[in-house]
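# Secondary and tertiary structure notes
Listed below are the residues making up each chain.
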Amino acid sequence: MNWATTPRGRAALRLLLEATILIVAYLAYEAVRRFVASSSGEAFGHAFNIIEFEQRLGLFLEPSLQAVVVDQDWLVTLFNWIYVWGYLPVIGVAALYLYIRHHEFYTRYRNAFLLSGAMGLIIFATVPVAPPRMFPELGFVDTVRDQSYVYQSFEGSDLVNEFAAVPSFHFGWILLVGLALVQTNRHFLARAIGVILPLLMFSSIILTANHYWLDAVIGGAIVLAALAVVRVLERIKLPPLRDARLRRAAQ
């Protein structure tokens, strides 16, 4: 018997296909994000607009918040670590968990992931924004670039758009992970992790000077909108599918 025709073989091939789809989609997302990068002048202009907006609200807090931790080496290391390793590795582990244990939810959150990424590319193309770390004159320190060799290896490559501060998918996609954990678990610890992960990532993007808090708000709004669209499409598609299953069961 051919291994690929066995139940385990088919399951392994389906998992490999899903992993390939997500990896290719993410690489395409990063490549397109780099392709649509605009001029630095436009990106800095939009960044100043965000800073002025936060100042008018009395909520331009990022420099003072980073100043609290920047002299504490262990805190800087912690938030750098969260920013680098609490992103794609966490998304990958969460995707595998959902695929194996909660496949219906995996499909839902995968589609929200892909749709929000497409929505984000439109913003990257039309509203480039320089991140806080590019404003040392305002007191920001680029802690990740200064201390992370992993980050340095990617920074400046063809797969990085340095003016893609808005929206923050570091926060938005980890928010999706948190929602998925809360939705698929009744265990207190699992749900607590689902709440804590987005909070930690929100803290890290601010305290490493990679995003303004407004970037996180926009990133969160986009992924929630994408998830809502996916849920609406599920409701449209599920009744016919359910009816078809009932007809097949009655035959």
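In this report, we go over the structure that sits alongside the text. (Residues numbered from 1 in each chain as written. Predicted model: local features only at pLDDT ≥ 70, side-chain atom pairs only at ≥ 80, totals over all residues. Heavy atoms only, no water.)

Before going further, it helps to examine the pattern of salt bridges. Within this structure, the stated rule accounts for four salt bridges. Ionic pairing is found between Glu234 and Arg108, a salt bridge with its closest N-O pair at 3.0 Å. Remark: Arg108 occurs in helix α6 (residues 103–126) and Glu234 occurs in helix α11 (residues 213–250); sequence separation between them is 126 residues. Overall, the relative accessible area of 15% leaves Glu234 in the buried class. Between Glu234 and Arg231 there is a salt bridge, with the nearest N and O atoms lying 2.6 Å from each other. In this pair, Glu234 and Arg231 are both assigned in helix α11, three residues apart and thus about one turn of the helix distant. For Arg231, a relative accessible area of 24% gives the class partly exposed. Connected through salt bridges with shared partners, the residues Glu104, Arg108, Arg231 and Glu234 form a single ionic network. (Salt bridge = Lys/Arg side-chain N within 4 Å of Asp/Glu carboxyl O. Helix = DSSP H or I, 4+ residues; strand = E, 2+ residues; numbered from the N terminus. Buried < 20%, exposed > 50% of the residue type's maximum accessible area, 1.4 Å probe, protein only.)

Evaluated as defined, the whole model comprises 10 aromatic pairs. The interplanar angle of 10 degrees and the centroid separation of 6.4 Å between the aromatic rings of Tyr87 and Trp173 together place this pair among those described as stacked. Within this pair, whereas Tyr87 is found in the loop between α4 (73–85) and α5 (88–101), its partner Trp173 is found in helix α9 (residues 169–184), the two being separated by 86 residues in sequence. Comparing Tyr87 with Trp173 shows no difference in burial state: the two are buried. (Phe/Tyr/Trp six-rings, centres within 6.5 Å; stacked < 30°, edge-to-face > 60°.)

The next subject is the layout of surface pockets. Taken as a whole, the second largest pocket holds about 570 Å³ of empty space. Ranked by the residues each element gives to the lining of the second largest pocket, the list is headed by α5, at eight residues. Among the residues making up the lining of the second largest pocket, the classes are represented as 20 nonpolar, one polar and two charged. (1 Å grid on protein atoms, 1.4 Å probe; cavity = no way out; pocket = protein on both sides within 12 Å on 5 of 7 lines; lining within 4 Å. Points joined across faces, edges and corners; volume = space filled by probe spheres on them. Nonpolar A, V, L, I, M, F, W, Y, C, P; charged D, E, K, R; others polar.)

Bringing the packing of α5 against α6 into the picture now. Packing of α5 against α6 leaves a shortest axis separation of 6 Å and a crossing angle of 140 degrees. Overall, the two elements α5 and α6 adopt an arrangement that is oblique. Relative to α6, α5 is oriented so that their crossing is left-handed. Judged by residue contacts, Ile91, Ala95, Leu98, Tyr99 and Arg101 of α5 engage His103, Phe105, Tyr106, Tyr109 and Phe113 from α6. (Axes fitted to C-alpha atoms, helices over the stretch in contact; angles between N-to-C directions. Parallel < 35°, antiparallel > 145°, perpendicular 65-115°, else oblique. Left-handed = near helix turned anticlockwise from the far one by under 90°. Contact = heavy atoms within 4.5 Å.)

There is a patch of nonpolar side chains on the surface, built from Phe53, Leu57, Leu59, Leu61 and Leu65 and spanning about 400 Å² of accessible area. You can see Leu61 is positioned in the loop between α2 (40–56) and α3 (62–69). For Leu61, a relative accessible area of 37% gives the class partly exposed. (Patch = residues over 30% accessible without salt bridge, like charges linked within 9 Å, V, L, I, M, F, W, Y side chains within 5 Å. Areas by Shrake-Rupley, 256 points an atom, 1.4 Å probe, with all protein chains shown as cover.)

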